[in-house]
Structure formats: structure tokens, C-alpha cells
Amino acid sequence: MSAIRQQSAPAISQTGQFVRERRDGIPYIIGEFWTAKQRQSHSLHEISYRACFKAELPEYFIKRFTKPSDTVFDPFMGRGTTPLQAALMERKAIASDASPLSLLLARPRLAPPAVEAIEARLALIPRTARIAQRDLPLTAFYHPDTLAQLVALKNWFRRRTGSGDFDSIDDWIRMVALNRLSGHSSGFFSGRTMPPNQAVSIAAQKKINQRLGQTPPPRAVADLIIRKSRSLLRDGVPNAPRSRFVVSESTRLGWLKRDSVDLVVTSPPFLNIVDYKSDNWLRLWFADLNPEDLTCTTPANLDQWRSFIGKTLVALARVVRSGGYIAFEVGEIRNGSLPLEKEVIALAQNLPLTVNSVCINKQIFTKTSNCWGVSNNAHGTNSNRVVVLERNAV
Ligand SMILES: C[S@@+](CC[C@H](N)C(=O)[O-])C[C@H]1O[C@@H](n2cnc3c(N)ncnc32)[C@H](O)[C@@H]1O
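Residues numbered from 1 in each chain as written. Predicted model: local features only at pLDDT ≥ 70, side-chain atom pairs only at ≥ 80, totals over all residues. Heavy atoms only, no water.

1. Structural notes on the side chain of Arg391
Logical step 1: Relative to the helices and strands, Arg391 is located in strand β9 (residues 383–391).
Logical step 2: The class of Arg391 is buried, set by a relative accessible area of 6%. (Helix = DSSP H or I, 4+ residues; strand = E, 2+ residues; numbered from the N terminus. Buried < 20%, exposed > 50% of the residue type's maximum accessible area, 1.4 Å probe, protein only.)

Below you can see the structure in the form of C-alpha cells.
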């Protein structure tokens, strides 16, 4: 059963002042655990996803709780920040998410091909295709030539999958294309629109076009893919033990062995703040995925969230070895008036988990905070609030 341990202070090597206090007997450590500066982490992390955390968060806990070859797991992998960071630190990465899109974004970056192989493959892919009637409304985002290039790419992936030839180079190209579909600069395939992690509707895009007086300019899709590939690969590639990616709900981890994980670093959906289906509709279109295949949980209220997180913690307590850790990040929502970490602490009481501490990383806002797609300090997260749980011996 759970106990609150008088724990020793965590190994804090970062700069800055830390405030330590006890709240209801739980040690809270508040300060700047990792720096708020931009572009601190490895270049392979530079893809966008709603509600992603910065690589420094998993890096901190991986460094503190594991050694090379240990197994690190994230059941809500999103863009794959935890598994990628684990691989970069030579840990074995296992990751899952209810969204198949997550797997498409994360997996290729753990085993990237060389730029030359990407260029050679792109040279083989047709640069135009017939646009089906149903795809014509997408000209709100794309010049017709650009759309024809995207349809040709989609057709290529479909053919390669059908023939069994789809390989890690195709996987990489699809991942980069998914990240360039829409955005606010000329590095994206679309005309100017919202940031890439949150596609607006076609009607909303038409309004944006009207307001900006724009018609989407033509783009060279293959060139932009090569440019982004070079940028992602500029810091090198991981040299990691084999990784594993699975599409799975966090409450159903039967595919993962009991006691097989040394550390979990994760962050679940925070109530219903993000709608992963509607935000990702354009990426789902490109990936030929059916939105109905996304069984993402968007708890409508705190009771639903508690029930969902309770079941997730039961599943995690089974797969983490005794003495292993779970760093469970809950962010800060409703301007800090709803301390979700307290809910996690309460749920852990009935499980073979000991609350080690709550680490609150207070940051000065930087551009990455906009991955929430909301204005800073208004509805987004002001800090990372991480409940650190240790698996008891049973
Ligand atoms: C806060 S995001 C995680 C972001 C991740 N830490 C990153 O850096 O990209 C939450 C993730 O939970 C996933 N998700 C939602 N419901 C789920 C469920 N029932 N089981 C597993 N994953 C789920 C969403 O698809 C989303 O990717």
C-alpha cells in the first residue's frame, strides 16, 4: 500500500533557487529544474504537437533515475519526446499512445535514414497526381500544384504499403511531411495559417485567406522535406538499444511485461483542454487515418479524469519494477486553481506506489509554451507539475 516517504532531496544540478516545502505531508520542490531557453535540446525533437513537453523534462528524470540500457516507457507518447530522449541517452525506449498518428510522428526519429537516402527516395516519387473531387476544398490551404504533389505522396505511401515495400525511408518522409502540412511560414506546404500542431477548419482557413488577402502560394514539397530533414538531423542520430512503439490505450498495457520498466515519464490529457481528433484532422487526412480510429480520452470533468487516471496508474504499477519510478506530469490548468497533482497523489494511495515528491518546474515563458496553442498565462500551463511515484516492493 502507498506510503508517504520522508525522502531525500532529489539530485538537483540545475541552477536557480529551489523552494522546498511540505503540503499535506508531501515534499514539494519548486524551482527551475531545467532551463527555459529555446533550442536547448537535440534537433530531432523539433516537431510540433499539442501539449508536448520540452525534452528537458524527460531528460531530467532519465538522468536522475536510470542508467544506460534501462527501459523507459511513456504510455501517452504524443510526438515522442520521452522515447526520443531516452534513445538519445542510450536507454531502451518503449512508448504507446491511443493515437496512431503519434506512432507515425515518433518512430521514424529513433532510426533516421541518411539525407542522401531521403533525397534518392524523393527523386523516385511522382511530383503530381489527379486531385479527387473530395480533396478540392483543401485548396483553401494549398496551391493546386502543391495539393497535387501531396496527393502523389499519399498515393506513393499507399502503393508502398500495399506492396509491402514501405520502409524506414518512407516512414521518415511521411513524418516530415506530416510536420510541414500547415503552418505560419514559407517552410510549410500551406499558405499562412495557424501553427502546425492545430489545423483550423477549411471555413476558418478561407476567412484567414480573406483577411490576409492571400491565395496559397505554390511550394516545392520535396525540397521542403529535404530542408526540414537536414535541420532535424543536424545534431546527429541516436545510438540506442532497440525501441518499441505500440498504438494502445494507457489503461490496457497487457502487451507489456510485468515489472519490465525502470522509469515512466509521461503526461496524460489534462481534462478536455485539447481535442486531438479535430486538431489533427489535416494530418489524419494525409496519413490516411480515420479520425474514428483515435480512441483518445478527453475526460469531460474531474470525475471522468480521476477514473481514467486511476486505471492508468493501476496499469503502470503492474509494468514498473519494484524500486522503479513514475514521473507523472499534470501541467497547470485553469490558472492553477485545479491542482491535478493532488488527484494523482490521492489515486496512488490505493496502489503499490509511494509518493516521493512533487517537482514543480517554474519557468519564464518562451516560445515553446505556445505548443499549447493558447495564450500564455491565460488558459495554458504555467509550470510543469510532476508527481514522482516509486513502485513499492510487493
Ligand atoms: C499531453 S499529450 C502527451 C504529449 C507528450 N508528452 C509529448 O511530449 O508529445 C497526451 C497524449 O495522450 C494521448 N491519449 C489520449 N487519450 C489516451 C488514452 N486513453 N490512452 C493513451 N493515450 C491517450 C493523446 O493522443 C496525446 O498524444
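Picking up where we left off.
2. Considering the site of the ligand
Logical step 1: Around the ligand sit 24 residues, and of these Tyr49, Arg79, Thr81, Asp97 and Thr297 come closest.
Logical step 2: Taking Thr81, its side chain carries an N or O atom lying 2.5 Å from an oxygen atom of the ligand.
Logical step 3: Out of a free accessible area of 600 Å², the ligand has 100% covered by protein chains.
Logical step 4: Classifying every residue of the shell around the ligand gives 13 nonpolar, 8 polar and 3 charged. (Near = heavy atom within 4 Å. Polar contact = N/O pair within 3.5 Å; in protein donor to acceptor, adjacent residues only side chain to side chain. Areas by Shrake-Rupley, 256 points an atom, 1.4 Å probe, with all protein chains shown as cover. Nonpolar A, V, L, I, M, F, W, Y, C, P; charged D, E, K, R; others polar.)

3. Some thoughts on a positive patch on the surface
Logical step 1: On the surface, Lys92, Arg242, Arg244 and Lys257 cluster together into a positively charged patch.
Logical step 2: Among the structural elements, Arg244 can be located in strand β5 (residues 244–247).
Logical step 3: The partly exposed category is assigned to Arg244, whose relative accessible area is 36%. (Patch = residues over 30% accessible without salt bridge, like charges linked within 9 Å, V, L, I, M, F, W, Y side chains within 5 Å. Salt bridge = Lys/Arg side-chain N within 4 Å of Asp/Glu carboxyl O. Lys, Arg positive; Asp, Glu negative; His and termini not counted. Charge placed at Lys NZ, Arg CZ, Asp CG, Glu CD.)

4. Thoughts on the sheet that holds strand β2 (residues 26–31)
Logical step 1: Reading across from one edge, β1-β2-β8-β9-β7-β6-β3-β4-β5 is the order of the 9 strands in this open sheet, with mixed pairing throughout. Only two strands of the sheet have a single partner each, and these edge strands are β1 (18–23) and β5. This sheet shows a mean twist of 20° between the axes of neighbouring strands, independent of strand direction.
Logical step 2: In terms of strand pairing, strand β7 (residues 320–329) meets β9 through 5 bridges, oriented antiparallel. Looking across to β9, one finds that Phe328 is bridged to Val387.
Logical step 3: Together, β3 (71–74), β6 (261–266), β7, β8 (353–362) and β9 form the strand contacts of helix α1 (residues 56–65), whose direction differs from that of β6 by roughly 160°. (Pairing = 2+ DSSP bridges. Axes fitted to C-alpha atoms, helices over the stretch in contact; angles between N-to-C directions. Contact = heavy atoms within 4.5 Å.)

Honestly, that's just the spatial picture; any functional story needs more than this.
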